[in-house]
Structures are given as structure tokens and as C-alpha cells.
Amino acid sequence: MLSQNFAAPGRRSFVYVHDAIFKTNPEWFTRRERAYLSAIFPSLKLCSTIFTSSTTERRRITRFSGRAPGDVIPTGLAAPSSLFDSSVRPDVDLTSNKFILSVGRLNVRKNLKRTIEAAVQSTALSADFPLVIVGEKSGRFAELGSEIQAAVESGKVIFMGHVADENLRWLYGNCALFCYLSLDEGFGLPPIEASMLGAAVLVSDINIFHEVLGDSADYVEPHSTDLIAAAIVRIIKEGKGRRPEIAGKSWGSVVRTMRTVIIQDSLQSSEIRSSLA
């Protein structure tokens, strides 16, 4: 049996755990989220193998689960195929290459407040060159404050909420810069999607992004508003953000990784049963 987050009883069960960030930084999660997530690691003692999103995350899960590194298999993640079907301009007054884009769930871990503050501080923003934010509130959220509210009212910052994949593709492909300054990630799919669609990408200088993005992004210290603002200015005004586009994984390759591990485990179990017969 293959399940998500919680392992089913039995030696031949497999579980996919996207990340264990709640173990290293519980302060980023609500009480309800922590209550739900607290049962994950006790259940991992029951399974044969743990799948996760990245090598970086394998280290964290190994640390907290007590399992051997060989019991935790990174599979990667892939962008949805629907993202590449068509490109449609959203019903918002935007000009190609005249806006900054950020995509993801709106919560404290995504560092959105500092991202907006840095973009405003950079002086790159205007009603004709806004910061566009795609995503909805999910989990613990930092109140944005009066300065950011003023930027929203002036048109410098636009919250779009959820958008269809065809609109998201247009936004990725036409932004001047994609910013994703999360404080931590298990994988971080939005900057990979942005890179695959040709965007200049600015991300946090953390291990996971170096693993999955390599030299296809620019990196900045996510806790420094000044450094983020300076990076935005450099990329926007000096045009130094274009990097090699990342190829990205396919869902077929992700599934093949899991299938291979499950088949090998099945064959090994069969051999053990035969030797005991």
C-alpha cells in the first residue's frame, strides 16, 4: 500500500512525506496543523520505505525518524502538464515584462511580508510595474501592515488569489522577474515552473533551491530586506536575471522511481519467503 503522510500497518507499506519542516520550525504552523502533523513520525515506524520530495528533505526526515538514509527515497516532483497546454492573459491590466511575480500559498513561511517590503523599498514598483501575487491564505499568516496596504491601494501590489493554469502560464512567461523567497521548502515547485517557462528567477539562498535549481536562478539572503531589494534592482534595472532554463522532471519519472523501489522490495520479500519455505 502506498499512502501519503501516514503509514499503513504492515511491513510492505510505503508512505510519501513531502517534508518535515514542522519538526524544525513548528512556529510556522498553526496549532491545528501541528496537531495533525504530529502523528506522522510515529506512523513511519510501520512502513517499509519512505518517499520524499528531495535529497535535502531526506536528510531532515532521516534525522527525525531514526530510519536509515536508505529507507528514505527522494523522488523529485514535476510541474502539472496542464500548465503547458495553453497561455491566456488573465483579466488584469498587465504589460508583458512589466511586472514582478510571486506564486505560492500565503503563509508566514513563504516570507511574503518581507518580499513585498523589499519590492517596495527597491523603488522598482509602480502602478505600471506592479508586484503580482498569486495564491491564497493557508496556515499561519503574518499581517501585512499599513505600508503594504498602501502599496495595494496604489496599484503597486496586486493580490490575484487563485488563477487557472492557463493564466499562470502567461504570468510565468511574461513577468520581468519571479520572486520566491520562502524561508524553507521541501522542494519548491513554483520557481521550477517559472524557470521552465523562461522567467528570471530570484530565490532564497537555502540548500533546497541550490539542489533543485542549480545555476538557473539568482540567490539572496531571505531574512534581509535590504539585500532582497538590491537584488530586485540589479535584476530589473540591469537585466541580469536571465539564466539557463531548467528542464524539470516529468511525472512519469517520479512514478518510475517509486515503482522501481516497490518492485525491488516485493522481489526481496519473495526471495526471503522462498528461503524460509
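Residues numbered from 1 in each chain as written. Predicted model: local features only at pLDDT ≥ 70, side-chain atom pairs only at ≥ 80, totals over all residues. Heavy atoms only, no water.

### Some details on the pattern of salt bridges
Within this structure, the stated rule accounts for seven salt bridges. Ionic pairing is found between Arg67 and Asp71, a salt bridge with its closest N-O pair at 3.3 Å. Note that Glu185 and Lys110 form a salt bridge whose closest N and O atoms lie 2.6 Å from each other. One end of the pair, Glu185, is in the loop between strand 8 (177–180) and helix 8 (189–196); the other, Lys110, is in the loop between strand 5 (100–103) and helix 5 (112–121), with 75 residues separating them in the sequence. Accessibility assignment for this pair places Glu185 and Lys110 in one class, buried. Put simply, Glu57, Arg60 and Asp184 are held in one network by salt bridges that share partners. (Salt bridge = Lys/Arg side-chain N within 4 Å of Asp/Glu carboxyl O. Helix = DSSP H or I, 4+ residues; strand = E, 2+ residues; numbered from the N terminus. Buried < 20%, exposed > 50% of the residue type's maximum accessible area, 1.4 Å probe, protein only.)

### Points about helix 10 (residues 225–238)
Taking 1.5 Å as the rise per residue, helix 10 with 14 residues should run 20 Å; its terminal C-alpha atoms sit 19 Å apart, in good agreement. Every buried residue of helix 10 is accounted for by Thr225, Ile228, Ala229, Ala231, Ile232 and Ile235. Viewed along the axis of helix 10, the buried residues span an arc of 160 degrees, placing them on a single side of the element. Turned more than 90 degrees away from the buried face of helix 10 sit Asp226 and Lys237, all of them exposed. As for helix 10, its buried residues are in contact with strand 5, helix 5, strand 8, strand 9 (201–204) and strand 10 (218–220). One or two residues past the end of helix 10 sits Gly239, with phi positive at roughly 60 degrees. (Expected span 1.5 Å × (residues − 1). Arc of directions from axis to C-beta. Contact = heavy atoms within 4.5 Å.)

### Overview of the sheet that holds strand 1 (residues 2–4)
Across the sheet, which stays open at both edges, the four strands sit in the order 1-2-3-4 with parallel pairing between neighbours. Strand pairing shows two members of the sheet lacking a second neighbour, strand 1 and strand 4 (72–74), which therefore form its edges. Taking the axes of each pair of neighbouring strands and ignoring which way they run, one obtains an average angle of 25 degrees across the sheet. Pairing of strand 3 (residues 49–52) with strand 4, which is carried by three bridges, proceeds in the parallel orientation. Opposite Ile50, over in strand 4, you have Val72 as the bridge partner. (Pairing = 2+ DSSP bridges. Axes fitted to C-alpha atoms, helices over the stretch in contact; angles between N-to-C directions.)

### Some points on the packing of helix 5 against helix 6 (residues 145–154)
When two helices pack together, their arrangement is given by the angle between the helix axes and by the axis-to-axis distance. The geometry of helix 5 relative to helix 6 is characterised by a closest axis approach of 10 Å and an angle of 65 degrees between their N-to-C directions. Seen from above, helix 5 lies across helix 6 with left-handed handedness. Judged by residue contacts, Lys113, Ile116, Glu117 and Val120 of helix 5 engage Glu147, Ile148 and Ala151 from helix 6. (Left-handed = near helix turned anticlockwise from the far one by under 90°.)

### Things to note about unusual backbone geometry
The phi angle of most residues is negative, glycine excepted, and most peptide bonds adopt the trans form. Look at Asn111: it is not a glycine, yet its phi comes out positive at around 65 degrees. Mapped onto the fold, Asn111 is located in the loop between strand 5 and helix 5. The exposure class assigned to Asn111 is buried, which follows from its relative accessible area of 6%. The phi dihedral of Thr123 falls on the positive side, at around 65 degrees, and the residue is not glycine. Overall, Thr123 belongs to the exposed group, its relative accessible area being 56%.

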